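Listed below are the residues making up each chain.
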Amino acid sequence: MDPETLVGPLIDGLSFERMARALTVAASDGGQVFGGGRVLENRFPEAFYVRPAIVEMPTQTAIVREEIFAPILYALRYSDLAEAIRMHNAVPQGLASSIFTNDVREAETFLSSAGSDCGIANVNIGPSGAEIGGAFGGEKETGGGRESGSDAWRAYMRRATNTINYSRDLPLAQGIRFGTV
């Protein structure tokens, strides 16, 4: 309940083990891992606080496509937008997605039927899961259908909630603020 806390602990020890396993597998697949690992275990022995991890991967491997539910960001290189969208859509999940770009054509492509196959697609803002007011739901293994819509007949169509941030600022979800260090 400390207001200075930016990220809370993982749900339990099993979740921590899944994150640690994912980072080990990513490294064995040729990934370069930055961060990760448990912190504050002496102060909170029953809680599983972790450092968020960024993993630079040489290619999209099975672990990259696995949903871990831990703070892991996999970074992959691509040569053009079409390749990036192919990698993006080659996962079994489809709840929320984001693209960061200054190119309107890339943004429009990402939001079109040729782009993200997720139920929620964002431009220049992260997928917080709190896109309040839009139809909430995913595709593939993370849903298929929408909640919170007034048009029930649209449940038979593939719809998407799209968010575009036109500013140069990156607003964070649910009132999170970064302080100066």
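Fair warning: this is a prediction, and the values are worked out from it, not measured in the lab.

1. Quick notes on the overall build of the protein
When its secondary structure is counted, the protein shows four helices and eight strands. For the protein, the succession of helices and strands along the chain, N to C, is α-β-β-β-β-α-β-α-β-α-β-β. Going through the 181 residues of the protein one by one, you find that 33% of them count as buried. The long-range share in the protein, meaning contacts at least 24 apart out of those at least 6 apart in sequence, stands at 56%. Here the protein has roughly 11900 Å² of accessible surface; of this, 54% comes from carbon and sulfur atoms.

2. Topic: the sheet that holds strand S6 (residues 96-99)
What the three strands build is an open sheet, ordered S6-S7-S8; its pairing is parallel. Each edge of the sheet is formed by a strand with only one pairing partner; in this case those strands are S6 and strand S8 (161-164). With direction set aside, neighbouring strand axes in the sheet form an average angle of 15°. For strand S7 (residues 120-123) and S8, the ladder comprises four bridges, and the chain directions are parallel.

3. Things to note about the sheet that holds strand S4 (residues 53-57)
Judged by pairing direction, the sheet is mixed, and its three strands sit side by side in the order S1-S4-S5 without closing on themselves. The open sheet has two edge strands, strand S1 (32-35) and strand S5 (72-76), and neither has a second partner. Sheet twist, expressed as the average angle between the axes of neighbouring strands with direction ignored, equals 20°. Relative to S5, S4 runs parallel, the two sharing five bridges. From the neighbouring strand, alanine 53 faces S5, where its bridge partner is isoleucine 72.

4. Some details on the pattern of salt bridges
Using the criterion set out here, one finds three salt bridges in the structure. As a salt-bridge pair, arginine 105 and aspartate 103 come within 3.8 Å of each other at their nearest N and O atoms.

5. Examining the packing of aromatic side chains
To describe a pair of aromatic rings, one takes the distance between the centres and the angle between the planes. Throughout the structure, instances matching the rule amount to two aromatic pairs. With a centroid separation of 5.4 Å and 45° between ring planes, the pair formed by phenylalanine 44 and tyrosine 49 is classed as tilted. Using a relative accessible area of 30% as the deciding quantity, one classes phenylalanine 44 as partly exposed.

6. Points about the layout of surface pockets
To locate leftover empty space, one rolls a probe as large as a water molecule over the atoms. When its volume is computed, the second largest pocket comes out at roughly 500 Å³. In this structure, the second largest pocket is lined by 15 residues; those nearest its centre are Thr5, Leu6, Val7, Leu40 and Tyr49. For the lining of the second largest pocket, the class distribution of residues is nine nonpolar, two polar and four charged.

7. Observations concerning the pairing of S6
Along S6, the buried face is formed by Ser97 and Ile99; none of Ala96 and Ser98, which line the opposite face, is buried. You can see the chain leave S6, run along helix H4 (residues 104-111) and come back into S7, and the turn it takes is right-handed.

8. So, H4
Those residues of H4 that sit buried are Ala107, Phe110 and Leu111. Buried positions in H4, seen along its axis, are confined to an arc of 95° and lie on one side of it. Of the surrounding secondary structure, the elements contacted by the buried residues of H4 are helix H3 (81-89), S6, S7 and S8.

9. Observations regarding unusual backbone geometry
For leucine 40, which is not glycine, the phi torsion reads 65° and is therefore positive. You can see leucine 40 is positioned in the loop between strand S2 (38-39) and strand S3 (49-50). Even without being glycine, asparagine 124 reaches a positive phi, approximately 60°. Tracing the chain through its elements places asparagine 124 in the loop between S7 and S8. Residue classification places asparagine 124 among the buried positions, given a relative accessible area of 15%.

Reading the values: the criteria
Residues numbered from 1 in each chain as written. Predicted model: local features only at pLDDT ≥ 70, side-chain atom pairs only at ≥ 80, totals over all residues. Heavy atoms only, no water. Helix = DSSP H or I, 4+ residues; strand = E, 2+ residues; numbered from the N terminus. Buried < 20%, exposed > 50% of the residue type's maximum accessible area, 1.4 Å probe, protein only. Contact = heavy atoms within 4.5 Å. Areas by Shrake-Rupley, 256 points an atom, 1.4 Å probe, with all protein chains shown as cover. Pairing = 2+ DSSP bridges. Axes fitted to C-alpha atoms, helices over the stretch in contact; angles between N-to-C directions. Salt bridge = Lys/Arg side-chain N within 4 Å of Asp/Glu carboxyl O. Phe/Tyr/Trp six-rings, centres within 6.5 Å; stacked < 30°, edge-to-face > 60°. 1 Å grid on protein atoms, 1.4 Å probe; cavity = no way out; pocket = protein on both sides within 12 Å on 5 of 7 lines; lining within 4 Å. Points joined across faces, edges and corners; volume = space filled by probe spheres on them. Nonpolar A, V, L, I, M, F, W, Y, C, P; charged D, E, K, R; others polar. Right-handed = clockwise from strand over helix to strand, strands pointing away. Arc of directions from axis to C-beta.

Without other data, these values stay purely geometric and don't point to any function.
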